[in-house]
Amino acid sequence: MILARRALLLGATAALTGCDRLARNETVRNALFSAENFHKWAQRSLMARDALAQEFRPDQISPVFRANGTANPNTPEYKAIWRTGFADWRLRVDGKVARPLSLSLSQLRTLPHREQITRHDCVEGWSAIGKWRGVPLRTILDAAGLRQDARYIVFHCADDMGGGRSYYESIDLIDAFHPQTILAFALNDRPLSVANGAPLRLRVERQLGYKQAKYLMRIEAVDSIANIGHGKGGFWEDYAGYDWYAGI
Ligand SMILES: Nc1nc2c(c(=O)[nH]1)N[C@H]1C(S)=C(S)[C@@H](COP(=O)(O)O)O[C@H]1N2
Ligand SMILES: [Mo]
């Protein structure tokens, strides 16, 4: 994107000043329009929303996947389900669906899985590569049967962010049905730790870190996000003005 912007800007400036000597310079032209740069530009600017996020090799996995935001919800409700090894935890799926669901961790584990090694990018300036295993969100939404008027999927989390506000996030149906959008219960071949979102978290790989909701309790299909929280579609969107669409 930066390269492409620079290339376009350079082109525009050259044209505006009538200075086409730069564009005639073969070295410059080759750099700007080399197959590699053109490919990068085409990929980043024209890429369809359903294109895959980059996947990495096992040897590229970060030794530590740091925890950020809530590292333990520590609410009485969360402590109660944690004590049972999450045996008493249920994922509720409701809202604009034909068949509301209540799924246990063992039920989720019996569904077809997807594994992906991806890079998590937090807006606070750190990244980590991890291997996630989980159930495609599509599988769950198909089982519940989205109603015609469903437009967004809202993720309600267990952590209390203060003042009774819980962390939540939302995505549109393009991201919800994206093949790399999974409900992950394992990180780097181990059950998800509390710090990283146990028992279940969202991985929506074409989006920034704050969209990756941890401690999932409930998934709600809605026709509008206006009436959820303060209406901006997520906790940080509501309270810090983060963009709802955090595509990368
Ligand atoms: N429920 C919940 N989900 C959350 C957060 C949080 O505080 N609570 N923080 C978000 C942010 S800003 C980031 S970068 C990632 C961090 O995930 P990690 O702790 O596994 O690194 O989780 C996101 N999902
Ligand atoms: Mo983040």
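Residues numbered from 1 in each chain as written. Chains lettered and ligands numbered in written order. Predicted model: local features only at pLDDT ≥ 70, side-chain atom pairs only at ≥ 80, totals over all residues. Heavy atoms only, no water.

Looking at an unreviewed UniProt entry, one finds the chain named Molybdopterin-binding protein and attributed to Sphingobium soli.

Q: Report on the packing of aromatic side chains, specifying residues and quantitative values.
A: This structure, assessed with the given rule, holds 10 aromatic pairs. Taking 4.9 Å as the distance between ring centres and 40 degrees as the angle between the ring planes, the aromatic pair formed by phenylalanine 235 and tyrosine 239 counts as tilted. Here the residue phenylalanine 235 and the residue tyrosine 239 both occupy positions in helix H9 (residues 235-240), the gap between them amounting to four residues, near one helical turn. What makes tyrosine 239 partly exposed here is its relative accessible area of 34%. Pairing tryptophan 236 with tyrosine 242 gives two aromatic rings, centres 5.8 Å apart and planes at 25 degrees, and the pair type is stacked. Of the residues examined, tyrosine 242 reaches a relative accessible area of 27% and is grouped as partly exposed. Among the aromatic side chains, those forming a connected cluster through ring pairs are Tyr167, Tyr210, Phe235, Trp236, Tyr239 and Tyr242. Note that arginine 165 overlies the ring of tyrosine 239, its terminal NZ or CZ placed 4.3 Å from the centroid. (Phe/Tyr/Trp six-rings, centres within 6.5 Å; stacked < 30°, edge-to-face > 60°. Helix = DSSP H or I, 4+ residues; strand = E, 2+ residues; numbered from the N terminus. Buried < 20%, exposed > 50% of the residue type's maximum accessible area, 1.4 Å probe, protein only. Lys NZ or Arg CZ within 6 Å of the ring centre and 35° of its normal.)

Q: Break down helix H7 (residues 137-144) for me, with residues and values.
A: Residues Leu137, Ile140, Leu141 and Ala144 constitute the buried set of H7. Within H7, the buried residues cover an arc of 95 degrees as seen down the axis, which keeps them to one side. Phi turns positive, to about 75 degrees, at glycine 145, one or two residues after H7. (Arc of directions from axis to C-beta.)

Q: A description of the site of ligand 1 should follow, citing residues and the corresponding values.
A: Neighbouring ligand 1 are 21 residues, the closest being Arg66, Asn68, Asp159, Arg201 and Lys214. Here an oxygen atom of ligand 1 and a backbone polar atom of arginine 66 are 2.5 Å apart. Measuring from an oxygen atom of ligand 1, one finds a backbone N or O atom of threonine 70 at 2.9 Å. Expressed as a share of its isolated accessible area of 540 Å², the protein-covered part of ligand 1 is 99%. The cavity that encloses ligand 1 is the second largest pocket. At the level of elements, strand E3 (114-122) and strand E5 (152-160) are the ones that each hand at least two residues to the shell around ligand 1. Along the lines of polarity and charge, the residues of the shell around ligand 1 split into 10 nonpolar, seven polar and four charged. (Near = heavy atom within 4 Å. Polar contact = N/O pair within 3.5 Å; in protein donor to acceptor, adjacent residues only side chain to side chain. Areas by Shrake-Rupley, 256 points an atom, 1.4 Å probe, with all protein chains shown as cover. 1 Å grid on protein atoms, 1.4 Å probe; cavity = no way out; pocket = protein on both sides within 12 Å on 5 of 7 lines; lining within 4 Å. Sits in = over half its atoms within 2 Å of the grid points. Nonpolar A, V, L, I, M, F, W, Y, C, P; charged D, E, K, R; others polar.)

Q: Before we move on, can you summarise unusual backbone geometry with the specific residues and values?
A: For the bond from alanine 198 to proline 199, the omega torsion is 0 degrees, close enough to zero to count as cis. With respect to the element layout, proline 199 can be found in the loop between strand E8 (190-191) and strand E9 (201-203). In this structure, asparagine 74 is a non-glycine residue whose phi angle is positive, near 55 degrees. Structurally, asparagine 74 can be placed in the loop between helix H4 (35-46) and helix H5 (76-83). Although it is not a glycine, tyrosine 215 adopts a positive phi angle of roughly 50 degrees. One can find tyrosine 215 in the loop between E9 and strand E10 (216-222).

Q: Residues and numbers for the pattern of salt bridges, please.
A: Under the defined criterion, the tally for this structure stands at 16 salt bridges. As a salt-bridge pair, aspartate 172 and arginine 49 come within 3.1 Å of each other at their nearest N and O atoms. Of this pair, aspartate 172 sits in strand E6 (residues 166-172) while arginine 49 sits in the loop between H4 and H5; the two residues are 123 residues apart in sequence, bridging distant segments of the chain. By relative accessible area, which is 13% here, aspartate 172 ends up buried. One salt bridge in this structure joins arginine 114 and glutamate 55, with 2.5 Å as the shortest N-O distance. (Salt bridge = Lys/Arg side-chain N within 4 Å of Asp/Glu carboxyl O.)

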